[in-house]
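Fold and geometry: a report
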Amino acid sequence: MILELADIRIQAGQQAEFDIAIQRGLDEVISKATGFCGYKVNKGIESPERYVLMIFWETLENHTIDFRESPAFLQWRAIVGPFFASPPVVEHFSLLGKSL
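Quick notes on the rules
Residues numbered from 1 in each chain as written. Predicted model: local features only at pLDDT ≥ 70, side-chain atom pairs only at ≥ 80, totals over all residues. Heavy atoms only, no water. Salt bridge = Lys/Arg side-chain N within 4 Å of Asp/Glu carboxyl O. Helix = DSSP H or I, 4+ residues; strand = E, 2+ residues; numbered from the N terminus. Buried < 20%, exposed > 50% of the residue type's maximum accessible area, 1.4 Å probe, protein only. UniProt positions renumbered as here; feature names shortened; annotations may be inferred. Phe/Tyr/Trp six-rings, centres within 6.5 Å; stacked < 30°, edge-to-face > 60°. Core = buried A, V, L, I, M, F, W, Y, C linked by side-chain atoms within 4.5 Å. Contact = heavy atoms within 4.5 Å. Arc of directions from axis to C-beta.

Describing the pattern of salt bridges
In a structure, side chains of opposite charge can pair up when their charged atoms sit close to one another. The tally for this structure, following the rule as stated, stands at four salt bridges. A salt bridge links Arg50 to Asp7, with the shortest nitrogen-to-oxygen separation between them at 2.9 Å. You can see Arg50 sitting in strand β3 (residues 50–57) and its partner Asp7 sitting in strand β1 (residues 2–9), a full 43 residues away along the chain. Among the residues examined, Arg50 registers a relative accessible area of 32% and is labelled partly exposed. Taken together, the shared-partner salt bridges connect Asp7, Arg9 and Arg50 into one network.

Right, dumping it as structure tokens:
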């Protein structure tokens, strides 16, 4: 399993609207993607315009090719993109260890 980690910064004062938009994008678009295994999204406390989105994929290619090169990516960006203060920083990780 692959973890996609996206560090998202949105425009100030738009947290309530973005909360709705990101949940909509996850439920309506990303959750239907090939290889999607789940997600977590966290909101910043000290930095309220910062969000950390974690999406779990079966393979790296499920994200980088199957999703990013599909029309669904454009749908996702149309929903959440207008809120971005800057492009998200996205990286991928493999699991080293975890607690129960």
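After that view of the structure, there is still more to cover.
Quick notes on the UniProt feature "domain: ABM" (unreviewed entry) in the protein
As annotated by UniProt and renumbered to match this structure, "domain: ABM" (unreviewed entry) occupies residues 2–93. A distance of 6 Å separates the end C-alpha atoms of residues 2–93, which is 35% helix and 32% strand.

Remarks on the packing of aromatic side chains
For the structure on display, the rule yields six aromatic pairs. A ring pair is formed by Phe67 and Phe73, whose centres lie 5.8 Å apart and whose planes are at 85°; its orientation type is edge-to-face. Neither Phe67 nor Phe73 differs from the other in exposure class; each is buried. Chaining the aromatic ring pairs together yields one cluster made of Phe36, Tyr39, Trp57, Phe67 and Phe73.

Section: the nonpolar core
Ile8, Phe18, Ile22, Ile30, Leu53, Phe67 and Trp76 are the most contacted members of the largest nonpolar core, which has 23 residues in total. For this core, the secondary-structure elements that each account for two or more residues are β1, α1 (15–28), β3 and α3 (71–80). In terms of residue count, α3 provides more of this core than any other element does, five residues in total. Residues within four places of Leu53 in sequence aside, it is in contact with Glu4, Leu5, Ala6, Ile8, Ile22, Leu26, Lys40, Val41 and Trp76.

Overview of α3
Regarding α3, the residues found buried are Ala72, Phe73, Trp76, Ile79 and Val80. Viewed end-on, α3 has its buried residues packed into an arc of 125°, placing them on one side of the element. Residues Pro71, Leu74 and Ala78 are exposed on α3 and point more than 90 degrees away from its buried face. In this structure, the buried residues of α3 make contact with α1, β3 and α2 (60–67).

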